[in-house]
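Survey of secondary and tertiary structure
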Number of protein chains: 2
Amino acid sequence: MILIDYKDSRPIYEQIFDKLRLLILNGALKADEKMPSVRTMAMELSINPNTIQRSYSELERQGYIYTVKGRGNFVSDIGKLREEYRKEIFNRLDEVCASAGNAGITGEELIEHIRGGGKQ
Amino acid sequence: MILIDYKDSRPIYEQIFDKLRLLILNGALKADEKMPSVRTMAMELSINPNTIQRSYSELERQGYIYTVKGRGNFVSDIGKLREEYRKEIFNRLDEVCASAGNAGITGEELIEHIRGGGKQ
DNA sequence: TAAGTGTACTAGCTCACCTAGTACACTTAA
DNA sequence: TTAAGTGTACTAGGTGAGCTAGTACACTTA
């Protein structure tokens, strides 16, 4: 379900957060579906339950999941969050455009790259 | 010349590296121009000389500047490096495209954003 | 000779990240 | 009722990155 990249400089809890968020956003995890328990996922990934807990806390804080004490964590019914994520993507795109501009790369070149061989 | 953003989670030496590299790439610092000395820049930015040294070392390692002991650091005559940087930009663009795809955003939407209000 | 330069150390501090362990309230199923 | 599984909240400690402080030395230039 999830793979940790120890060569990645980003912290583990953040990697897990990102991957779970993506699974929720693209529908692989559906609304009201039960998430793996903190302890279960910690066992599977061979890391500390506290680290998973931290990922889950952030997912809950941002509204991607909700918690029922004693039962578990469940996927939220997303809505506005999709729009939030879209904004995040476009912000990242803006940053790339800005860097490109400083390097003398035109918008048309970026567009050509997207149309051409760019991974999509 | 340079401003450190302490709200930025990225390390200081990396911020300085990025900004100096950009000044070199866009021609604000020209070939064979003398860079500020390690100690001078450390004074100006009120940080430790070792931190500047680390930025300079990385700039030299990647070929953006060259060092003459006892005299100082000087801007290299770039060439291949511009192409390297272009690749880096396009790689970042590819990552955005990949994230966009996972979120259901099409390439055309990204293009529209670049053409429209995207910062350039 | 003195000032300025890069460079290379050692030492220590702080903080983020992660692990280990314990404890407690809750829910569910046997 | 009981046992197992759940989230949650602690404390304690290890590790490493990042940064500072200080010192030292070889080099260049005025």
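Overview of the structure. (Residues numbered from 1 in each chain as written. Chains lettered and ligands numbered in written order. Predicted model: local features only at pLDDT ≥ 70, side-chain atom pairs only at ≥ 80, totals over all residues. Heavy atoms only, no water.)

**Re the protein's contact with DNA strand D**
Stated precisely, the cut-off is as follows: We call a residue near a molecule or strand whenever a single non-hydrogen atom of that residue lies within 4 Å of it. Side-chain atoms alone can form a polar contact between residues adjacent in sequence; in general such a contact is a pair of N or O atoms within 3.5 Å, and within protein one must be able to donate a hydrogen while the other accepts it. Starting at the N terminus, helices and strands are each numbered in turn, a helix being any DSSP run of H or I of at least four residues and a strand any DSSP run of E of at least two. Each residue gets one label: Ala, Val, Leu, Ile, Met, Phe, Trp, Tyr, Cys and Pro are nonpolar, Asp, Glu, Lys and Arg are charged, and the others, such as Gly, are polar.
Of all residues adjacent to DNA strand D, which total 24 residues, the nearest are Thr67 of chain A together with Ile12, Asn48, Asn50 and Thr51 of chain B. Taking all atoms of DNA strand D within 4 Å of the protein, the share assigned to sugar and phosphate is 62%. Val38 of chain A places a main-chain nitrogen or oxygen 3.1 Å from a phosphate oxygen of DNA strand D. Residue Arg39 of chain A places a side-chain N or O atom 2.9 Å away from a base oxygen belonging to DNA strand D. Mapped by element, the contributors of at least two residues to the surface near DNA strand D are α2 (38–45), α3 (49–61) and β2 (72–75) of chain A together with α1 (12–25) and α3 (49–61) of chain B. Split by residue class, the surface near DNA strand D holds five nonpolar, twelve polar and seven charged.

**Re the protein's contact with DNA strand C**
As a matter of local geometry, DNA strand C sits amid 24 residues, with Ile12, Asn50 and Thr51 of chain A together with Arg39 and Thr67 of chain B nearest to it. Here a phosphate oxygen of DNA strand C sits 2.3 Å away from a polar atom, N or O, in the main chain of Ile12 of chain A. In the environment of DNA strand C, a phosphate oxygen lies 3.5 Å from a nitrogen or oxygen atom belonging to the side chain of Ser37 of chain B. Counting only elements with at least two residues in the surface near DNA strand C, the list comes to α1 (12–25) and α3 of chain A together with α2 (38–45), α3 and β2 (72–75) of chain B.

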